[in-house]
Structures are given as C-alpha cells and as structure tokens.
Amino acid sequence: MIERRDPSPVLPPPPVGRVVATEQKPATPHQFHFWTATETSIGIGAIVRVEGSGGGAQVSGRVGYDPVDDAFAYSDLVTPLHDVVGAEGDPARAAENPTARQEIRLWTAAVLRQIPAEPLQPVPLGDVHVATDADVAQALRMDAYLGRGGAQPTAIPVGLYTSGGLEAPVYLDADFLLGPEAAHLNISGVSGLATKTSAVEFLLSSIFQHFPAHRGRVAAVCFNVKGPDLCFLDRPGTLDDEDRRRYERLGVGAHPFERVCYYAPFKADGVNLNTLRTHPDLVGDVEPLVWGLREVLDYAEVLLNRDDIDAKADAFIDFLSDRVVDREFDDGFGGAHRVVTFADLERLFRSIFDGLELASRSDTWRTHHIATIRKVRNRLSNISTRCKGLVADDGPSNDLPWGRFEDRAVYVVDVANVDPLGQDLVFARVVSKLREHLERRDLGVEAVVVFVDELNKYAPGDGPETYVKKMLLDISERGRYLGLVLFGAEQFRSQVHRRVVGNAGTIVFGRMDSDELATPGYQVLSPATKIKLATLPVGELMVRHPHFTQPIFVRFPRPAALRGRDGVERFPPAADLSFDEAVVRQLVKLDRRVRPNAVKDLIADRREEDVRRALAHTRQARPQDAFANFKKELGRRVAPAMAPGSPLERQSVPPLSPISDEPY
C-alpha cells in the first residue's frame, strides 16, 4: 500500500535540486528545468516534487509533481575548441590537468500535476525533492481511486515505480481500464524482449484479485495464436525472491490462475486435439472446440472470398440460414429434408441438382440460379475441408459455456496451429457471441477481457476491411458500454488501425524498436525517453493511463504461471494417438469406469465417421454411463439408410455373428 508521510515534526530531507528559469529556457505550466549536483539519484523517468518558496503566498503554497524526461550536462567551456587547445591536442594531457572544470547537471521535467490546479500557473522557482510514496500517489492522481475518504476503491496494481532508491506501487483505475469511463489496453514492443504476454498475464491476475466486488464479476477470454504462450496458465512458474518481494509489495498473490478452461479444435483425424497441451497429465483438461453448419453459416462472411461471393450468393446464403437450416423443408421435387449438418446440406444440394436436371429447360430453383447455388455449395464444402477438425461435417457441436461463464475464470481458445481461415472464424464467432450475451446480460459475468495478440495481423492499418477488423473496431469503439474489453498486443503499434489503438484508454510500451520510435506517432516523446524505451530491460514498461498526464515507467514481477516455453520442456507434447486409443482417452475423460478393451472391441469394425459422430453425441450428453451411451449412439446410425432392393443392399453380406454384448 501507499505509505503516508509521517506528520510528526521531523526535519524534511534536503532538496536535491533547484528550479531554474532563463530567458532561453523559461518555466511554463507544462514544463520546467532544474539543476542538481553532479552526483545525484535522479534519472530519466524519476518523479520529483517542487515546492514554491517566496514570491507571495500563492507561490509559497504551490506544489508540483513532475517526471524527468530529458537531461543535459554543461561545463564552463564556450566551444569544444577551448578544451582541445587547453590540452594541446592530446587527450592524455587533458586527463592530467590538475584543474577540474566546473560541471552541472540540468534536467527537464514535464508537469504531472500542480496543487492547487487553478489558477494554472508556471512551475514556481522552488526546491526540488525526490518523490515519496505519498507524492507518487498525488502525482498520478491515484488518491482519487485508492479508497480514501470513504470512497470505494477501484485500484488495480500494475507495477512498481522505482527511481532514486524509491519503490512505490502504481495503480490503474478499474473504471478507466475495464469501463465504463474508459476501457481497453494496448501493449507494444519487440518480440521476445518486451514481455507483452507476461505483462498481460500479471495484469489479469491483478485484476482478478483486486477487481472491486461492487463492480460485479469478471472473466477473460484469451486467444492463443502463437505456439504454447498461454497453454500453461494453471501451472506454477519459477519465481525468485525478488519477484516474490515485488508481489508482496504490490499486494498481489504469487500463484497461477485458479480457474482455467482450455478449448482447442481437433486435428484432421477428428479425435486428436490440435494443441501443444497434449501431455498425458494435462490433455484431460482440454475441451474440444467443434462447430457445425449453423455456427459456420451465421459467419459465412468471414470465410467466403468477397471478390467471388456477390449479392446473389449472399441472398442464397441468407435463404439457407433463415428458411432451410434446422427446419423441415420441401425441396420442390418431392423430397423432404431437415438440414442440420454439412452432410445434410450436401444431400439437399444433390437433390436440387438432380431435380433441375430432370426438369428440362429449368435453371432456377426458388428464384436462385443454378450457377449461384453451385458457387455457394463449392465455397461451403471448401470450409469444412480447410477447417477440418474445427468444422464437423456431421455430429453435434461443442462450444464455450455460453451463459455459464464463471467469475475470475480464464477461457483459453488455442488456435495456434489452426488454418488462418479457421482462426478468423473462431475469433469472429467467439467475440460476436460474447457481445450478444453481454447485451442480454445472461453471460454469467458483467465484464469480459478479450486478449488478442498479433494485432498487426488482425487489424492492420492498411489492407481490406475484413470481418475480423470490423469486429475489433466495434469492440474498441462500443465495447466498454457492454463490459467487453479488448487487451491487444502487437510488435509495431504504428501498423495497427488507428481507431483500435486510439480507443485504448491505457497504453503500455515495452522495449521498442528504434525504427518504430522514429515514426510520427512517437513525436510527443522526448529523445531521452525514446532512448530509454529502446533499451528497456525485461520486466520494465512505460504506462500511459487517463489519470496520468505523462507516461510513467514501472517494473512488474514475472507471472506466477508457467511460461509457454518452460511448459513445453516440463510437459512435452505427446505424439498423436491411434484412432482407437484417442477414442478411449476421450471416453475415459468422461467416465473413469470405461474399460479400454471394451471400447476397442466395440469400434473395431465400425466406420470412423460413425465412431466420431457417436463420440460427439456422448460428449454433448455427458451421461453417467459414458460407455453405454456411446454404444447406444454408435448402434443408432451404423450405415446410411438403403432402399429395399437397392444394389447396395443386395451386395451387402450379413456378419457371421453379431457383435457380442460381452465387454471383453
């Protein structure tokens, strides 16, 4: 917590500097200069306190809080030539000169806050002191949301301000981080050195532990788009004594996330999960993410090529979604259909094409031209092929727990190894469903943090207006009213859409690339601040927040959760299992009493698509006796129905003996 200054009558610490104003460098309401001794604890980013003295009562009572953003060193030399002549052109003789030249340190500071705020005046020419904990709270206006004066606290620890031997906690205001006053966070920095993912993990942990109870419940949805970055949030990482001391200083518990739910699509085989969290000790916690026709058709705009799909195709897709899917439908040629899956839709298309072929001189069906129907059919079948494992041709879907989100829970959607088309589908559908449920207030929580990495890819500053980009723009501009908050990360902020980063109430910078700092968006920073950003060590960030009128440098401890690359070494991914072994593993996950040999005997002569369908129905039902339910589902549809006397029926040979009920 913030340490208050002791009110007892003790001598105040001596000043470290003095404000100086000249005709060339005057003091202004937003910037001033001060000098210090050659040896000082002041550095770039340090916060100082200026106290007015003399010049009347107004000036004497005025206090300013200011971060240092530039520095200069001066001597009594007029030009460099004087130093060269004095040493007779020999640098070694200059070092032997017994007369040391006078040298001073001159610092430039930007004004964070002045008390009183009105009337706004230039910084008084007074003494400069190193800021204390209480001064940092006053300077950053944190006293407004730390719960002083009987107000309900909304402070979220973000890191430690460290300068001049001081280590003061820095807090963000939850109302300006998660809404409704402002919302969203954006973090930029070079890959591997800016610790963007680590910073977001620590901040989420801090939010879960300090989000005020009067603000309701909060959860997070994280999209894992790079390797194993977010695959081990529920496992403890390695912390040293310094990290633990920082956790204690910030008042944040040093432990991994307590409630983490993982979702990942299947691989093309439909039974092995497409994730790096496949170690036998961990894979049981991963839920499959599988979608069917209805889930995909609602977001066909994400998946279809806009250069190829015209207004006629859009109209036909809307017709399928509104009139055909999940309804009893007559194709007009004597056939009745109930389209639920991609397989059902394919049968409807075949019926239409056959009917139009028999109806001579007819090339339209329900006002839709056959060429348009063929185009849509080809595009939709391509979706189930390219996104195989995520999109199922047959069988039920398995989705996130819409309406049952838990408080302080993290939902990780692992799409790191999914086709880019599938990634766009996952992102668009999940975010759209979040928005729908938050609008109806039936999600289970009042606020959701959505973490998206690689914003350079999903919301670039140039290029076409994709569905995903429009979704990100919608979140950044209107999400805070719903409690939908975007935490975005990228390497190059200048290449992300301006409206996405511009609507972020809190901006965080890790170590930056020098070329990126040369872009126009960073002109407001001083040269010294840019140099510090280009050389920031791991674990240090520059933060801008609506309460902070100037950027502040903070340090944060390493996340208590296991890092991705360390997790892969500790829990190496297992090789893909054979089809029958993978089926056994999923059934055992549902019911520990399932006997592997009984499952293998049951599926030995069955088609893989029938087994996958039965497994999906069993997973959806989650019965008490998983094996009995699986056996029932598998026996329901072993083969497609055959008309009496059909060639396929005449060629079929009955089995020598039916499958025994004996589990062994």
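Scroll up for the structure.
Residues numbered from 1 in each chain as written. Predicted model: local features only at pLDDT ≥ 70, side-chain atom pairs only at ≥ 80, totals over all residues. Heavy atoms only, no water.

Asker: Would you explain the side chain of T618 in this entry?
Answerer: Residue placement: T618 occurs in helix α22 (residues 608-621). A polar contact is formed between the side chain of T618 and the side chain of N629, at a distance of 3.2 Å. Setting aside residues up to four positions removed in sequence, T618 forms contacts with L587, L590, P623, A626, N629, F630 and E633. (Helix = DSSP H or I, 4+ residues; strand = E, 2+ residues; numbered from the N terminus. Polar contact = N/O pair within 3.5 Å; in protein donor to acceptor, adjacent residues only side chain to side chain. Contact = heavy atoms within 4.5 Å.)

Asker: Looking at this structure, how should I read the packing of helix α13 (residues 420-440) against helix α15 (residues 467-478)?
Answerer: A pair of packed helices can be characterised by two numbers: the angle between their axes and the separation between those axes. Closest axis-to-axis distance for the α13/α15 pair is 10 Å, and the angle between their directions is 30°. On the basis of the axis angle, α13 is roughly parallel to α15. In the crossing of α13 with α15, the sense of the turn from one axis to the other is left-handed. Contacts between α13 and α15 involve D424, F427, A428, V431, S432 and R435 from the former and Y467, V468, M471, L472, D474 and I475 from the latter. A per-class count over the contact of α13 with α15 returns eight nonpolar, one polar and three charged. (Axes fitted to C-alpha atoms, helices over the stretch in contact; angles between N-to-C directions. Parallel < 35°, antiparallel > 145°, perpendicular 65-115°, else oblique. Left-handed = near helix turned anticlockwise from the far one by under 90°. Nonpolar A, V, L, I, M, F, W, Y, C, P; charged D, E, K, R; others polar.)

Asker: I'm lost on the packing of helix α20 (residues 579-590) against α22 in this one. Help?
Answerer: The geometry of α20 relative to α22 is characterised by a closest axis approach of 11 Å and an angle of 10° between their N-to-C directions. It follows from the interaxial angle that α20 and α22 lie roughly parallel. Here F579, V583, Q586, L587 and L590 of α20 come into contact with α22, specifically with E608, V611, R612, L615, T618 and R619. Its residues placed into classes, the contact of α20 with α22 shows six nonpolar, two polar and three charged.

Asker: How do you make sense of the nonpolar core when you look at a structure like this?
Answerer: The tendency in soluble globular proteins is for nonpolar side chains to be buried as a group. Ranked by internal contacts, the top residues of the largest apolar core, which has 85 residues, are F34, M142 and F487. Ranked by residue count, the leading element in this core is helix α6 (residues 196-210), at seven residues. In this structure, Y263, L356, I383 and V468 belong to the second largest nonpolar core, which totals 75 residues. (Core = buried A, V, L, I, M, F, W, Y, C linked by side-chain atoms within 4.5 Å. Buried < 20%, exposed > 50% of the residue type's maximum accessible area, 1.4 Å probe, protein only.)

Asker: How do you make sense of the pairing of strand β5 (residues 103-110) when you look at a structure like this?
Answerer: On any regular strand, side chains alternate: one points to one face of the sheet, the next to the other face. Relative to β5, strand β2 (residues 31-36) runs antiparallel, the two sharing six bridges. Bridge pairing links F32 to A109 in β5. Two strands pair when backbone bridges link them, and strand β4 (residues 63-75) and β5 are joined in this way by seven bridges, in the antiparallel orientation. Across the sheet, residue A73 finds its bridge partner in β5, namely R105. (Pairing = 2+ DSSP bridges.)

Asker: Please clarify how the environment of P26 should be interpreted in this entry.
Answerer: Locating P26 in the fold gives a position in the loop between β1 (17-20) and β2. A residue is classified by how much of its surface remains accessible, and P26, at 43% relative accessible area, is partly exposed. Sequence separation between P26 and P122 is 96 residues, and the spatial gap between their C-alpha atoms is 9.0 Å. Other than its neighbours up to four places away in sequence, P26 contacts A21, Q31 and H33.

Asker: What is the right way to read the pattern of salt bridges from this model?
Answerer: Any two side chains of opposite charge can pair, given that their charged atoms come close. Scanning the model with the defined rule gives 44 salt bridges in all. Among the ionic pairs, R245 bridges to E242, the shortest N-O distance being 2.5 Å. Of this pair, R245 and E242 both sit in helix α7 (residues 241-250), separated by three residues, roughly a single helical turn. A residue is classified by how much of its surface remains accessible, and R245, at 33% relative accessible area, is partly exposed. The partner of E346 in a salt bridge is R350, with the nearest N and O atoms 3.4 Å apart. (Salt bridge = Lys/Arg side-chain N within 4 Å of Asp/Glu carboxyl O.)

Asker: Before we go on, may I ask you to explain unusual backbone geometry in this structure?
Answerer: Here the amide bond leading from I115 into P116 is cis, since omega sits at 0°, within 30 degrees of zero. Relative to the helices and strands, P116 is located in the loop between β6 (113-115) and β7 (127-130). Positive phi, close to 60°, is recorded for R141, a residue that is not glycine. The residue R141 is located in the loop between α4 (133-139) and β8 (155-163) in this model. Within the chain, H184 stands out as a residue other than glycine whose phi angle is a positive 80°. With respect to the helices and strands, H184 occurs in the loop between α5 (174-177) and β10 (185-188).

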